[in-house]
Amino acid sequence: MNRYHLKPPCFALILVLFYSPLLLAQRLWLDPQASYKNTQCTQSQPCRRVGLAADLAHPGDEIVLKDGQYDFAHIDSVNGTLGDPIVIRAQNPLQAVLKARQFEGPRDLLEISNSQHIRIQGLRFSNAARASVRINNSQFIDIVDNQMLDSGLWGIFTNHSNDLLLQNNQIIGKSRQHGIYLSNSGDRAVINNNLIQGPRGCGIQLNGDLRFGAGRFVQGDGIISDIEIRDNQIQNVGSAGGAAINLDGTRNVVIVNNSISEAYAAGIAMFKIDGAIASQNISITGNSITMAEKSRSAIVVMHSPGPIDIANNRIQVSDQHAFVFDIYAAAYEPKKGWRRYWQAWFGKPELNALVIGDNNYHHQASFALFDQIEFASLDAWQTILPK
């Protein structure tokens, strides 16, 4: 046989193999009333466990949860691709519920670990012992359009994870700590348009956590970098301490058009405790911040080398003992004076590093507390700025 006769079928086979993820994309079905013995996850014979369906999924597949209550789920080593993520969604938004049963189950209702390119959409989570959703040593994970109710510690908790999209989620209830908690050096997260209501700690907490080192996808530098926090509503937070938006060991963070109300501790705080650096290169623009009675100051900056750009925010501080800004020096040297200190801290004056004149402030408290020195007004504050 002429060997050239083999060319067409071999070429066709290569095409089939190249496009196989697209050709084999399928829909897997889950039903909380299904038998645990069902293992195919078809529409006629749906599976019962989310983890089983995830183990069967290939890039481009969609896992659909019918209405009802499901057990906790652990998704481990499941990988979509950039063009073909694996989508896990409710058939009807918020009608598929992962709920903790009393004295049963692990700490987290849904854990995604060692995985990539997965999208969780339209699910409801209720009464988690710890986190409603944990993202662990993973990347390119989207958590969108979900509802987390009455989580034990956190609505969404991430560790050692990069390239996350946390968007359009409702995180409601008096959890003991934070609504959204990003930790352990993870970079490039977008936190957009979430409703966070009631956590006793922070609304959004970013913590570089240098002591926990590297993970599968992160170097463990103790710095959380390149974060966008936009258009979130954060309400009634911080009764046990912690800012509505709390930044420990962060760099290159954009905080824009968020609405913060009834913040009982601070509104936005930037500092270094567990992270490798004091938070720096932060842009805070167009936010509305309303502090609760007996709160701390609205914006707290501790020991940062800057720049910190704060512009066009609306801030209301009612407590007479609180301030719009509470600032602690990075390396204050009293004999060199405030102006020299300011320039050494933030760099070039043209950065408008902390305050620019067209900000809109509505407050009853004094303007700033700068290393325990009070400035009652914007005019008084501007006297220390470099000329």
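Residues numbered from 1 in each chain as written. Predicted model: local features only at pLDDT ≥ 70, side-chain atom pairs only at ≥ 80, totals over all residues. Heavy atoms only, no water.

### Structural notes on the nonpolar core
Phase 1: The biggest cluster of nonpolar side chains holds 77 residues, and the ones touching the most others in it are I63, L65 and I143.
Phase 2: In terms of residue count, helix α3 (residues 50-56) provides more of this core than any other element does, four residues in total.
Phase 3: Aside from chain neighbours lying at most four places away, what touches I63 is L28, L30, A53, A54, A57, I86, V87, I88 and R89. (Core = buried A, V, L, I, M, F, W, Y, C linked by side-chain atoms within 4.5 Å. Buried < 20%, exposed > 50% of the residue type's maximum accessible area, 1.4 Å probe, protein only. Helix = DSSP H or I, 4+ residues; strand = E, 2+ residues; numbered from the N terminus. Contact = heavy atoms within 4.5 Å.)

### Quick word on the packing of aromatic side chains
Phase 1: Applying the stated criterion across every chain yields a total of three aromatic pairs.
Phase 2: Taken together, a centroid distance of 5.6 Å and an interplanar angle of 70° make the contact between W154 and Y181 edge-to-face. Residue W154 is located in strand β13 (residues 154-159), and its partner Y181 is located in strand β16 (residues 180-183); the two are separated by 27 residues in the primary sequence. There is no split in this pair, since W154 and Y181 are both buried.
Phase 3: Three or more aromatic residues link up through ring pairs in this structure, and these residues are W154, F157 and Y181. (Phe/Tyr/Trp six-rings, centres within 6.5 Å; stacked < 30°, edge-to-face > 60°.)

### Focus on unusual backbone geometry
Phase 1: Located in the positive-phi region is D150, a residue other than glycine, with phi close to 55°.
Phase 2: By the secondary structure assignment, D150 is in the loop between β12 (147-149) and β13.
Phase 3: D150 gets classed as partly exposed once you look at its relative accessible area, which sits at 44%.
Phase 4: The backbone phi angle of N257 is positive, close to 60°, even though this residue is not glycine.
Phase 5: Mapped onto the fold, N257 is located in the loop between β23 (250-256) and β24 (259-263).
Phase 6: N257 gets classed as partly exposed once you look at its relative accessible area, which sits at 39%.

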